[in-house]
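Residues per chain are reported as follows:
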Amino acid sequence: MSITGALVLFAVLWFIVFLIALQIRPHSQDDAGEVEPGTPPGAPADAQILRKVKITTLITLVLWGIIAAIILSGVVSIYDLDWFGRLGPAPAGT
């Protein structure tokens, strides 16, 4: 795996985990009882974005380490994911 591939893998994982983390325990302004004028009652009251960014980064580091180790160990290759045979036969040793 190249450096670019590792960075892309990290970025994709980070955004997936972040979008999941945003959905955990959301508190709306209506729940808090303080609706700001001009905003819908369902708008977040206290999203705690910085806390979710830190948690997302820690979870992503663990997931990235596991997935990168699997890719670099050679347990799974691109030929294992070629279900339609478009890459041709796998080279010897894979």
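Residues numbered from 1 in each chain as written. Predicted model: local features only at pLDDT ≥ 70, side-chain atom pairs only at ≥ 80, totals over all residues. Heavy atoms only, no water.

Asker: Whenever I open this one, the overall build of the protein confuses me. Can you help?
Answerer: The helix and strand inventory of the protein stands at three helices and zero strands. Sequence-ordered secondary structure for the protein, helices as α and strands as β, is α-α-α. Compactness check: the protein gives a C-alpha radius of gyration of 21 Å against a globular reference of 12 Å for 94 residues, more than 25% above the reference. If one aligns the C-alpha atoms of the protein with their principal axes, the spans along those axes are about 65 × 25 × 20 Å. Within the span of the protein, comprising 94 residues, buried residues form 16% of the whole. When contacts within the protein are restricted to residue pairs at least 6 apart in sequence, long-range pairs at least 24 apart make up 52% of them. (Helix = DSSP H or I, 4+ residues; strand = E, 2+ residues; numbered from the N terminus. Rg over C-alpha atoms; globule rule 2.2 N^0.38 Å. Buried < 20%, exposed > 50% of the residue type's maximum accessible area, 1.4 Å probe, protein only. Contact = heavy atoms within 4.5 Å.)

Asker: Please explain a nonpolar patch on the surface as it appears in this structure.
Answerer: A cluster of nonpolar side chains, contributed by Val62, Ile66, Ile70, Val75, Val76, Ile78, Leu81, Trp83, Phe84 and Leu87, occupies part of the molecular surface with about 1100 Å² of accessible area. Inspection of the secondary structure assignment puts Leu81 in the segment after helix 3 (49–73). Take Leu81: its relative accessible area is 47%, and that puts it in the partly exposed class. (Patch = residues over 30% accessible without salt bridge, like charges linked within 9 Å, V, L, I, M, F, W, Y side chains within 5 Å. Areas by Shrake-Rupley, 256 points an atom, 1.4 Å probe, with all protein chains shown as cover. Salt bridge = Lys/Arg side-chain N within 4 Å of Asp/Glu carboxyl O.)

Asker: How should the side chain of Thr56 be read in this particular structure?
Answerer: Tracing the chain through its elements places Thr56 in helix 3. Residue contacts for Thr56: discarding those within four places in its chain leaves Trp14, Val17, Phe18 and Ala21.

Asker: What's the story with the environment of Val62 in this structure? I'm lost.
Answerer: Inspection of the secondary structure assignment puts Val62 in helix 3. Sequence separation between Val62 and Met1 is 61 residues; the distance between their C-alpha atoms is 17 Å.

Asker: I would appreciate a short explanation of the side chain of Ser28 in the present structure.
Answerer: Assignment of secondary structure puts Ser28 in the loop between helix 1 (3–22) and helix 2 (29–32). For Ser28, the side chain forms a polar contact with the main-chain nitrogen of Asp31, separated by 3.1 Å. In this structure, Ser28 is in contact with Pro41, Gly42, Ala43, Pro44 and Ala45, ignoring residues within four places of it in sequence. (Polar contact = N/O pair within 3.5 Å; in protein donor to acceptor, adjacent residues only side chain to side chain.)

Asker: Looking at this structure, how should I read unusual backbone geometry?
Answerer: Of all residues except glycine, most have a negative phi; of all peptide bonds, most are trans. The phi dihedral of Arg25 is positive, around 50°, even though this residue is not glycine. Looking at the element boundaries, Arg25 is found in the loop between helix 1 and helix 2. Assessed through its relative accessible area of 67%, Arg25 is described here as exposed.

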